[in-house]
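Listed here are the chains, written in short residue letters.
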Amino acid sequence: MRHVIVVGGGIVGLATAARIAARGDQVTVLDKEDGLARHQTGRNSGVIHSGLYYAEGSLKARMAAEGARSMAAFAAEHGVPVEVCGKLVVATEESELPGLHKLAARAEANGVPARLLDPVGAREYEPQVRAVAALRVETTGVVDYAGVCRVLAARIEADGGEILLGEEMLAARTVGDRVQVRTTAADREADGLVVCGGLHADRLARASGLEPAARIVPFRGEYYGLTETAGDLVRGLIYPVPDPRFPFLGVHLTRGIDGHVHAGPNAVLALAREGYRWTEVSVRDLGDALSWPGLWRMGARNWRPGAAEVVRSLSTAAFARSLARLVPGITADDLVPAPAGVRAQAVERDGGLVDDFLVQTAPRQVHVLNAPSPAATASLEIAKHLERELDRVLPSRVG
Ligand SMILES: Cc1cc2nc3c(=O)[nH]c(=O)nc-3n(C[C@H](O)[C@H](O)[C@H](O)COP(=O)(O)OP(=O)(O)OC[C@H]3O[C@@H](n4cnc5c(N)ncnc54)[C@H](O)[C@@H]3O)c2cc1C
């Protein structure tokens, strides 16, 4: 039996730890917080993505389509609330039609069933939507990701693993056939280490002797809830045609698995890696972001949409206007502020956004350096990938 330390009690770390524990290895999961899923995993849109958007052949494309199936099946099997309700991507003006058609072609390339609809067809699904055309995707769903994490945690413990909360990994190094992991609570040792540290992924890799090619830049995504009356304007999931220059999908309307409709997320630079409000500022995090040439290069290329995002963040009326493009009945009075999330987005030195999932390895160590959306959807598939990567960096099992 080997002993593996998994850092990160988000959905990627827990899914990976559950696989490793299930095959009989001893697993220790560490998370610095006093509960699981406290960051990206517990603060997202709760959508099971279909695999529609991603470049053909990418890890994202493969793992989202497969992950959508495995996540929905896993949740159903373990009694976690889940619904495969489908979604509508809507073009609200003629200029968005080429983007919508590109998306339809991508869906076909990725093997995701999708149908183009005219405005009448779109309104059969969403009677209040404004659309010149739409794309209907049936395999999108909604799920309680925190609930999935609770099941994964229970499985880890049932398979003899341990989950240690409130323990922060500080550094690691491989010495001979062991990995030494220094934490705020202890000096630990194991045969292997898997780090799924989300917003801190690059720092943890550096603290383990790796040289990550990209740096994590935190993008806050703010949400509003719709009042109950306005919620009646939305049946399911309504998305805009995304701007292909950005990795984010655009502010959308989602009827979550709890039945409430939420709107968001936008995307503004967070002033701390866990900065869920404008007032949460970390000098270290901000210094790190601003000293990275990639951030400035990205900012220079995208200052105009970036400024629009800031306006939308500061003005509920501007936020409501983006939603009213999709569903004209929505006004600022219908919006109630809801908790924000912060996305860990890896940005390269030249300002390029790392589009695909990114994993880097060292002897006995596996580090996840970029696991943005749809990594929650794809987490059970990412876990298989990480298990294989771990086996590659660990000498083969004896006996
Ligand atoms: C606003 C928003 C909306 C999104 N919407 C969707 C969606 O609808 N569908 C979808 O599929 N994906 C979505 N995503 C993406 C998805 O949430 C993430 O890809 C996924 O949750 C990543 O999981 P993770 O385990 O890698 O990271 P996290 O959930 O962030 O977990 C990382 C964990 O590592 C811990 N940690 C960090 N540093 C240390 C340390 N030094 N020591 C110990 N522990 C540490 C943290 O406390 C945390 O618990 C969204 C993300 C955001 C932010």
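The structure contained in this document is the topic of the report that follows. Fair warning: this is a prediction, and the values are worked out from it, not measured in the lab.

**Some points on the overall build of the protein chain**
A tally of regular secondary structure across the protein chain gives 12 helices and 21 strands. In terms of overall dimensions, the protein chain is globule-like: its C-alpha atoms have a radius of gyration of 21 Å, near the 21 Å expected for 399 residues. Taking the principal axes of its C-alpha atoms as reference, the protein chain extends roughly 65 × 45 × 35 Å. Burial statistics for the protein chain: of 399 residues in total, 56% are counted as buried. Considering only intrachain contacts with a sequence separation of at least 6, the fraction spanning at least 24 residues in the protein chain is 72%. If you sum the accessible surface of the protein chain, you get close to 16,800 Å²; carbon and sulfur atoms cover 53% of it. Where the 45 positive side-chain charges of the protein chain centre and where its 48 negative ones centre are 4 Å apart.

**What about the pattern of salt bridges?**
As enumerated under the stated definition, the model contains 28 salt bridges in all. A salt bridge links R325 to E93; the nearest nitrogen and oxygen atoms lie 3.3 Å apart. Placement of R325 in helix α11 (residues 316–326) and of E93 in the loop between β5 (87–91) and α3 (97–109) is noted, with a sequence separation of 232 residues between them. In this structure E93 comes out as partly exposed when scored by relative accessible area, which is 36%. One connected set of salt bridges, linked through shared partners, spans R2, R19, R23, D25, E387 and D391.

**Some points on the pairing of strand β2 (residues 26–31)**
Counting buried residues in β2 gives 5 out of 6 residues, a clear majority hidden from the surface. In this structure, strand β1 (residues 3–7) lies alongside β2, joined through 5 bridges in parallel fashion. When the bridges of β2 are listed, H3 appears paired with Q26. In this region the chain leaves β1, passes through helix α1 (residues 11–22) and returns to the parallel neighbour β2; the handedness of that crossover is right-handed. Where β2 lies against strand β9 (residues 162–165), 4 bridges are found, and the strand directions are parallel. Within the sheet, the bridge partner assigned to L30 lies in β9 and is L164.

**Quick word on the packing of aromatic side chains**
Enumeration according to the criterion identifies 2 aromatic pairs in this entry. Between Y224 and F319, the ring centres sit 4.7 Å apart and the planes meet at 70°, which makes this aromatic pair edge-to-face. Linking Y224 in strand β14 (residues 214–226) with F319 in helix α11, this pair joins segments that are 95 residues apart in sequence. Residues Y224 and F319 agree in their burial class; the two are buried. Over the face of the ring belonging to Y239 we find K87, whose NZ or CZ atom lies 3.5 Å from the ring centre. Over the ring of W278 we find R220, and its NZ or CZ is 4.6 Å from the ring centre.

The rules behind these values
Residues numbered from 1 in each chain as written. Predicted model: local features only at pLDDT ≥ 70, side-chain atom pairs only at ≥ 80, totals over all residues. Heavy atoms only, no water. Helix = DSSP H or I, 4+ residues; strand = E, 2+ residues; numbered from the N terminus. Rg over C-alpha atoms; globule rule 2.2 N^0.38 Å. Buried < 20%, exposed > 50% of the residue type's maximum accessible area, 1.4 Å probe, protein only. Contact = heavy atoms within 4.5 Å. Areas by Shrake-Rupley, 256 points an atom, 1.4 Å probe, with all protein chains shown as cover. Lys, Arg positive; Asp, Glu negative; His and termini not counted. Charge placed at Lys NZ, Arg CZ, Asp CG, Glu CD. Salt bridge = Lys/Arg side-chain N within 4 Å of Asp/Glu carboxyl O. Pairing = 2+ DSSP bridges. Right-handed = clockwise from strand over helix to strand, strands pointing away. Phe/Tyr/Trp six-rings, centres within 6.5 Å; stacked < 30°, edge-to-face > 60°. Lys NZ or Arg CZ within 6 Å of the ring centre and 35° of its normal.

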